Amino acid sequence: ERGDVVATLAGVSKEYGGVHAVEGVDLQLHSGDVLGLIGPNGAGKTTLINLITGLVPPSSGTITVLGVDVGRTPVHRVAAAGVSRTFQHSKLFGRMTALENVLVGAHQVTRPTFLRRLFWLPSARRDERRALQHAASCLARVGLAERGSARASALSYGDQRRLEIARALASDPTLLILDEPAAGMNHVEADALSELITSLAADGLTILLIEHNVGMVLRTCDRIVVLNFGEVLATGTPAEVSGNAAVVEAYLGRR
Ligand code: ATP
């Protein structure tokens, strides 16, 4: 039995001057899913999550995420509806502490707090304390409880990638999108990340995982979508997808 629908893509296409980055994608994401998105370089994975988060508008088709018509909604309002993501290339502030990086993530969607801070100090102080506690709990959630006061640039590579997840968690998302979180990780780090993703899903988060580490995707996800030349080549359980001849031909067999 599957949970409520979190996201629906219907006939979604994105064209860049004649290049069909994403073409005719139909997709549904249900509450509690850990959905993997795989495919060769240039298959359209990043474009697809840019579409889901409202960063780029679709050329055609409709995208509904958490009740929001994404193509017609400003990106910050899509985020406020409960969508959070990490990026393929790190966007941490290296000279800020780990805790400060997480606070930045929270403030992206709680701008009114700043106003209250200006006009009503006692409540602002309370808010600030709460924000710090919340940021610390996000750090703890990814296993970085002891590293809050370390500069982000001083963390190990694997810890930096986890910090990015902590920052994405700071806005209390319903849907968490991870763009190649295991890139550059060693086996031990990738296994730990896989466990973290599974435990976040157990807490009720819906997760969309874009990854080139196919072994990790197969181990972590309930369902997998394979993109190829912007189109959905296959959708299914890890066993179905890894046994699919077209997927092996287009992607798995070439690795
Ligand atoms: P990778 O695994 O390498 O990150 P990907 O599956 O995420 O690749 P995309 O980055 O979504 O693929 O790119 C899909 C196609 O769209 C590619 O052919 C790419 O060159 C093209 N594309 C993506 N963004 C743009 C853009 N802003 N302008 C022009 N073409 C683009």
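Look a little higher up for the structure.
Worth saying up front: this structure is predicted, and the values here are computed from it rather than measured. (Residues numbered from 1 in each chain as written. Predicted model: local features only at pLDDT ≥ 70, side-chain atom pairs only at ≥ 80, totals over all residues. Heavy atoms only, no water.)

A few words on the overall build of the protein chain. Looking only at helices and strands, the protein chain features 10 helices and 10 strands. For the protein chain, the C-alpha radius of gyration of 19 Å lies close to 18 Å, the compact-globule estimate for 255 residues. Reported as C-alpha extents along the three principal axes, the dimensions of the protein chain are approximately 60 × 40 × 40 Å. Relative to its 255 residues, the protein chain shows a buried fraction of 47%. Counting every atom, the protein chain has about 12300 Å² of accessible surface; 53% of that belongs to carbon and sulfur. Side chains of the protein chain carry 25 positive and 25 negative charges; the gap between the two charge centres is 10 Å. (Helix = DSSP H or I, 4+ residues; strand = E, 2+ residues; numbered from the N terminus. Rg over C-alpha atoms; globule rule 2.2 N^0.38 Å. Buried < 20%, exposed > 50% of the residue type's maximum accessible area, 1.4 Å probe, protein only. Areas by Shrake-Rupley, 256 points an atom, 1.4 Å probe, with all protein chains shown as cover. Lys, Arg positive; Asp, Glu negative; His and termini not counted. Charge placed at Lys NZ, Arg CZ, Asp CG, Glu CD.)

This part takes up the sheet that holds strand 7 (residues 175-179). Reading across from one edge, 6-7-8-3-9-10 is the order of the 6 strands in this open sheet, with mixed pairing throughout. Looking at the sheet topology across the chains shown, the edges are occupied by strand 6 (83-85) and strand 10 (231-236). In this sheet, neighbouring strand axes are inclined to one another by 20° on average, regardless of whether the strands run parallel or antiparallel. In terms of strand pairing, strand 6 meets strand 7 through 3 bridges, oriented parallel. Pairing of Ser-84 across the sheet is with Leu-176, part of strand 7. Helix-sheet contacts for helix 6 (residues 157-169) involve strand 6 and strand 7, and the interaxial angle to strand 7 is about 155°. (Pairing = 2+ DSSP bridges. Axes fitted to C-alpha atoms, helices over the stretch in contact; angles between N-to-C directions. Contact = heavy atoms within 4.5 Å.)

For the rest of this paragraph, the subject is the nonpolar core. Counting residues in each nonpolar core, the largest one holds 45 residues, and the members touching the most others are Leu-163, Ile-165, Leu-176 and Ile-207. It is helix 7 (residues 187-202) that provides the largest number of residues to this core, a total of 6 residues. Residues within four places of Leu-163 in sequence aside, it is in contact with Leu-92, Ala-98, Asn-101, Val-102, Leu-139, Leu-144, Ala-152 and Leu-155. Counting 28 residues, the second-largest nonpolar core is a separate cluster that includes Val-65, Val-70, Ile-177 and Ile-210. (Core = buried A, V, L, I, M, F, W, Y, C linked by side-chain atoms within 4.5 Å.)

Below, the discussion takes up the sheet that holds strand 2 (residues 19-30). What the 4 strands build is an open sheet, ordered 2-1-4-5; its pairing is antiparallel. Since the sheet does not close on itself, it has two edges, and those belong to strand 2 and strand 5 (68-69), each with one partner. The sheet contact formed by strand 4 (residues 60-65) and strand 5 spans 2 bridges and is antiparallel. Bridge pairing in strand 5 links Val-65 to Val-68.

Before going further, it helps to examine the environment of Ala-10. Summarising the element assignment, Ala-10 is placed in strand 1 (residues 5-16). Along the sequence, Ala-10 and Arg-126 sit 116 residues apart, while their C-alpha atoms lie 44 Å from each other. Every residue in contact with Ala-10, bar those within four places of it in the chain, is listed here: Val-25, Asp-26, Gly-61 and Thr-62.

What follows covers helix 6. For helix 6, built from 13 residues, the straight-helix expectation of 18 Å at 1.5 Å per residue is met to within 8% by its first-to-last C-alpha distance of 19 Å. In terms of burial, helix 6 is a largely internal element, 11 of the 13 residues being buried. What helix 6 keeps buried is the set Gly-158, Gln-160, Arg-161, Arg-162, Leu-163, Glu-164, Ile-165, Ala-166, Arg-167, Ala-168 and Leu-169. (Expected span 1.5 Å × (residues − 1).)

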